[in-house]
Amino acid sequence: MTSKIDGKRYRAFLVDLDGVLVRGSEPLPGAPEALRTLQERGQVVVFSNNSTRSRRAFAERLRAMGFPVRPEEIVNSAFVVAQYLRERSGPARVYAIGEEGLREELEAAGHTLTPPEEAEYVVVGLDRRFRYEQLAEALRALLRGAVFVAANADPVFPTAQGLIPGAGALVGALQGMGYPPQEIVGKPSPIAFRVALKATGVASPRECLMIGDRLDTDVEGARRAGMDSALVLTGVLRPEDLEGSEIKPTFVAESLAALARAIRS
Ligand SMILES: [Mg+2]
C-alpha cells in the first residue's frame, strides 16, 4: 500500500504512541525495530495526547518494551500544557484534575499545585479516579476567575480492553457547568505541534513527518502545522474510513514497520 518515501526529505519524525508504537501494554509487531530505523534517519520524538504519565515514566515504560527512547524525546499533552502555561504567564498556580503524569510535568515546569481558592488556572487531563468533588472544586476556582485549559479533549482512549472515556469526557463535565475550555493544547492544536517541533531541534515543519493512527488529531494537526503526515492502520482507523474523509494524509502505511521499510528502500 505504501509507495516509496524519500527518507532524506525529512530530518525529524513525530511518532504517535497508542495505535502506532503500542496497543495497550504491548508493543505492536516490528515497531521497536521500525523506530530504530527512523532514529538512524533523523531525530525522533514520541508525540502523544496521553497525559496520565510523565515523560520520564513513559520513557521507562517504552524502554521496557524495547523502544530506545529518552524522556527528552517524548512530548505528551501533560508536558505541552505545562510549557503552554509557562509561555503564557510564567510559573503559575494550578488546580489540576488529572493523574500523576500531569501533576509531575506541571511541577517540573515550575508551576504550583494549589487548592481551588488559590488557582489562576484549572487544568484538566484524563483522571481515571475522577469524582464529583473535583468538579465542585473546579467550579469554585472558575467562579473566582481561573482560566480553564484542557491538556486534550480526546473523546475516548484505546486500551487492551477496548475504548474507555478520554479526557474529553471530563472536559465535557466542566463544559456542562457552563465553562468551556479557553484552550485545548493537545493534538490537533498548533500549540502541541510547536512544542513537539521544538523538541526535535528541527527548524521547519516541512522537514518533519508526523506519523499517527488518527485523522482528527495526528493528520489534521500536521496539516495545520504545515507538516506532512503518514497514517498507519494499526490503530483506531480502518481503510474504509479514509474514503469518506476530507482529511487526507500524505502517506498511508499498514504499520510503522511497513512505513520504515518504505523509507529505508
Ligand atoms: Mg494514536
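Going by the structure above, here's the rest.
Note that this is a predicted model, so its numbers are computed, not measured. Each chain has its residues counted from 1, following the order in which its sequence is written. The predicted nature of this model means local features are confined to residues of pLDDT at least 70 and side-chain atom pairs, given and counted, to a pLDDT of 80 or more, with totals for whole chains, interfaces and linings taken over all residues.

Peer 1: Looking at this structure, I do not really get the overall build of the protein chain. What am I missing?
Peer 2: Regarding its fold elements, the protein chain presents 10 helices and 15 strands. Just to be clear, the radius of gyration here is over C-alpha atoms, and the globule rule we use is 2.2 Å times residues to the power 0.38. For 265 residues, the compact-globule estimate of 2.2 N^0.38 gives 18 Å, and the C-alpha radius of gyration of the protein chain, at 18 Å, lies within 12% of that figure. By principal-axis analysis of the C-alpha atoms, the protein chain measures approximately 60 × 35 × 35 Å. Note on contacts: each residue gets a C-beta atom placed from the backbone, and two residues are in contact if those atoms are within 7 Å. Looking at the protein chain alone, contacts between residues at least 24 apart form 68% of all its contacts between residues at least 6 apart. For the purposes of this entry, the term helix denotes a DSSP run of H or I that reaches at least four residues, the term strand denotes a run of E that reaches at least two, and both are numbered from the N terminus.

Peer 1: Explanation requested: the sheet that holds strand 9 (residues 147-150) in the structure shown.
Peer 2: Sheet strands line up and pair through hydrogen bonds in the backbone, either parallel or antiparallel. In this description, strands pair whenever DSSP reports at least two bridges between them. Ordered in space as 7-6-8-9-12, the five strands form an open sheet in which the pairing is parallel. The two strands at the open ends of the sheet, each matched to only one other strand, are strand 7 (112-113) and strand 12 (183-184). One ladder, built from two bridges, connects strand 9 with strand 12; its direction is parallel. Within the sheet, the bridge partner assigned to Val149 lies in strand 12 and is Glu183.

Peer 1: Is there a simple way to think about the nonpolar core in this case?
Peer 2: The nonpolar side chains of a soluble globular protein tend to be buried with one another. Each nonpolar core reported here comprises buried Ala, Val, Leu, Ile, Met, Phe, Trp, Tyr and Cys residues connected via C-beta atoms within 7 Å. Three classes are used. A residue is buried when 20 or more other C-beta atoms lie within 10 Å of its own, exposed when 12 or fewer do, and partly exposed in between, with C-beta atoms placed from the backbone. Formed by 87 residues in total, the largest nonpolar core has its most connected members in Val15, Leu21, Ile211 and Leu256. If near-sequence neighbours (up to four positions away) are discounted, Leu256 is found in contact with Val20, Leu21, Leu28, Ala31, Ala34, Ile211 and Val232.

Peer 1: What's the story with the environment of Gln134 in this structure? I'm lost.
Peer 2: Looking at the element boundaries, Gln134 is found in helix 5 (residues 132-143). A tally of 20 C-beta atoms within 10 Å means that Gln134 is categorised as buried.

Peer 1: Just checking my understanding: could you explain the packing of helix 3 (residues 77-89) against helix 7 (residues 190-200) for this structure?
Peer 2: Axis angle and axis distance: for two packed helices, these are the angle between their axes and the distance between the axes, and together they describe the pair. Orientation of helix 3 relative to helix 7, taken along the N-to-C sense of each, is 95°, at an axis distance of 10 Å. Regarding the angle of helix 3 to helix 7, the classification is roughly perpendicular. When helix 3 is examined against helix 7, the residues Ser77, Val80, Gln83 and Tyr84 are found in contact with a partner set consisting of Ile191, Ala192 and Val195. Three classes are used, and their members are as follows: Ala, Val, Leu, Ile, Met, Phe, Trp, Tyr, Cys and Pro are nonpolar, Asp, Glu, Lys and Arg are charged, and the others, Gly among them, are polar. Split by residue class, the contact of helix 3 with helix 7 holds five nonpolar, two polar and no charged. In this analysis, axes come from line fits to C-alpha atoms, helices being fitted only over the stretch in contact, and the angle between any two N-to-C directions falls in the range 0 to 180 degrees. Oblique is the label for any angle not covered by the other classes, which are roughly parallel (under 35 degrees), roughly antiparallel (over 145) and roughly perpendicular (65 to 115).

Peer 1: Just checking my understanding: could you explain helix 10 (residues 256-264) for this structure?
Peer 2: The periodicity of an α-helix, 3.6 residues per turn, causes residues three or four positions apart to be oriented the same way. Buried within helix 10 are the following residues: Leu256, Ala257, Leu259, Ala260 and Ile263. Summarising the axial view, the buried residues of helix 10 lie within an arc of 160°, below the 170-degree limit, and thus occupy one face. For helix 10, the secondary structure elements touched by its buried residues are helix 1 (31-41), strand 13 (208-212), strand 14 (228-232) and strand 15 (251-253). Our arc is simply the arc of the directions from the helix axis toward the C-beta atoms.

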